[in-house]
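Coordinates in review
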Amino acid sequence: QQQVKQSPQSLIVQKGGISIINCAYENTAFDYFPWYQQFPGKGPALLIAIRPDVSEKKEGRFTISFNKSAKQFSLHIMDSQPGDSATYFCAATLNQAGTALIFGKGTTLSVSS
Amino acid sequence: GAGVSQSPSNKVTEKGKDVELRCDPISGHTALYWYRQRLGQGLEFLIYFQGNSAPDKSGLPSDRFSAERTGESVSTLTIQRTQQEDSAVYLCASSLRGGKNTEAFFGQGTRLTVV
C-alpha cells in the first residue's frame, strides 16, 4: 500500500517533443504528489507538485495530470529540451507531520538535440 | 548555510568497518529524512524524523543501520560492520513541519564505497 510505481524506467525524446512519465499509487490517503528532478551528482530537487483537489497543475513547460479515481498521476514536459535530460522521480505522502515521502524508482530522460 | 549540508561528500571504507554520515538540515526544518540511492536506482527510504515524535525507522534494512537526531538539528546515520552491498549514495533531506510546506530539500549526498 505504500508503494509508488513509476514508468517507464527510461525515455528518449527528440528535442521539441513531449515527455510523459506515469506513476500509480495504492494508498488512497496520500494527498500530496510531488515530482523531483535529479541531475548526475546532485541531490533531487522539487520540480512541481499537486494535491488531489485539482486534476491538473501547470508550471511553464511542466504539467502534472492527476486522476484520483484511477490513483494515477503523470508528468508532461512540453517542448522537451536537452537541458531537461535528467532522472525524474514521482513521490507521494500524507501532507501532515509523521509521514515520509515515498518515491517511485525514477525515469531517466534523455532529450536528443 | 542556506541548504542541506552532508559530510563527508565521499567515503571509502573497508568491509567490516563502521561509518558515520552527517546531515545538517536547513535551520527551522523539523522534518529530516535519510534515503539510500544505489547506482542507477531509485530513492530507498531509510528513516524519518519529525520534531520530537518517535522516528519512523521502517526503512532501515538491517540492525547494522541506525540514526540519531538531536532535537531539530544535526542527524547522523551510522552503519556498523559495513558490507559491499552498503555501497551507495546516502541522501539526507529536510522539510518544514506538515501543513502546506512539505517540500523536501535534499543535500548532495554522501557517496559511500565499501571495498
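Our subject is the structure listed above.
I will try to describe carefully the structure that is included in this document. Quantities reported herein were computed from a predicted structural model and do not represent experimental measurements.

Overview of the nonpolar core
Core analysis: the biggest nonpolar cluster contains 26 residues, and Phe30, Phe33, Trp35, Phe73, Leu75, Tyr88 and Leu109 of chain A have the highest contact counts within it. Broken down by secondary-structure element, the contributors of at least two residues to this core are strand E2 (10-14), strand E3 (19-25), strand E4 (33-38), strand E5 (45-50), strand E7 (62-67), strand E8 (72-77), strand E9 (86-92) and strand E11 (107-112) of chain A. The biggest single contributor to this core is E9 of chain A, with four residues. Counting residues in each nonpolar core, the second largest holds 20 residues, with Val4, Ala67, Ile79 and Ala88 of chain B among its members.

Here we look at the side chain of Ser94 of chain B
All names here are of chain B. Here Ser94 shows up in strand E8 (residues 88-95). According to the relative accessible area criterion, Ser94 is buried, its value standing at 0%. One polar contact links the side chain of Ser94 to the main-chain amide nitrogen of Ile26, over a distance of 3.3 Å. Among the polar contacts listed, one links the side chain of Ser94 to the side chain of His29, at a separation of 2.8 Å. Residues within four places of Ser94 in sequence aside, it is in contact with Val4, Pro25, Ile26, His29, Ala31, Leu32, Tyr33, Glu103, Ala104 and Phe105.

Describing a nonpolar patch on the surface
The grouping of Ile18, Ile20 and Met78 of chain A at the surface amounts to a nonpolar patch, some 240 Å² of accessible area in total. Within the element layout of this structure, Ile18 of chain A appears in the loop between E2 and E3.

Quick look at the sheet that holds strand E3 (residues 19-24) of chain B
Residues and elements named next belong to chain B. Here four strands make up an open sheet; going across it, the order is E1-E3-E7-E6 and the pairing antiparallel. Each edge of the open sheet carries a strand with a single partner, namely strand E1 (5-7) and strand E6 (65-69). Across the sheet, the mean angle separating the axes of adjacent strands is 15° when strand polarity is ignored. With five bridges connecting them, E3 and strand E7 (residues 75-79) associate as antiparallel partners. Bridged to Glu20 within E7 is Thr78.

Details of the layout of surface pockets
Empty space among the atoms becomes apparent when a probe as large as a water molecule is rolled across them. When its volume is computed, the largest pocket comes out at roughly 680 Å³. What lines the largest pocket is a set of 32 residues, and nearest its centre among them are Gln38 of chain A together with Gln37, Arg38, Gly40 and Gln41 of chain B. Its residues assigned to classes, the lining of the largest pocket comprises nine nonpolar, 19 polar and four charged. Counted as a void, the second largest pocket has a volume near 420 Å³. Around the second largest pocket, the lining is made up of 19 residues, and of these Phe103 and Lys105 of chain A together with Leu43, Glu44 and Phe45 of chain B lie nearest the centre. Taken together, the elements giving at least two residues each to the lining of the second largest pocket come down to strand E1 (4-7) and strand E10 (102-103) of chain A together with strand E4 (31-37) and strand E5 (44-50) of chain B. The element contributing the most residues to the lining of the second largest pocket is E4 of chain B, with three residues.

Reading the values: the criteria
- Residues numbered from 1 in each chain as written.
- Chains lettered and ligands numbered in written order.
- Predicted model: local features only at pLDDT ≥ 70, side-chain atom pairs only at ≥ 80, totals over all residues.
- Heavy atoms only, no water.
- Core = buried A, V, L, I, M, F, W, Y, C linked by side-chain atoms within 4.5 Å.
- Buried < 20%, exposed > 50% of the residue type's maximum accessible area, 1.4 Å probe, protein only.
- Helix = DSSP H or I, 4+ residues; strand = E, 2+ residues; numbered from the N terminus.
- Polar contact = N/O pair within 3.5 Å; in protein donor to acceptor, adjacent residues only side chain to side chain.
- Contact = heavy atoms within 4.5 Å.
- Patch = residues over 30% accessible without salt bridge, like charges linked within 9 Å, V, L, I, M, F, W, Y side chains within 5 Å.
- Areas by Shrake-Rupley, 256 points an atom, 1.4 Å probe, with all protein chains shown as cover.
- Salt bridge = Lys/Arg side-chain N within 4 Å of Asp/Glu carboxyl O.
- Pairing = 2+ DSSP bridges.
- Axes fitted to C-alpha atoms, helices over the stretch in contact; angles between N-to-C directions.
- 1 Å grid on protein atoms, 1.4 Å probe; cavity = no way out; pocket = protein on both sides within 12 Å on 5 of 7 lines; lining within 4 Å.
- Points joined across faces, edges and corners; volume = space filled by probe spheres on them.
- Nonpolar A, V, L, I, M, F, W, Y, C, P; charged D, E, K, R; others polar.

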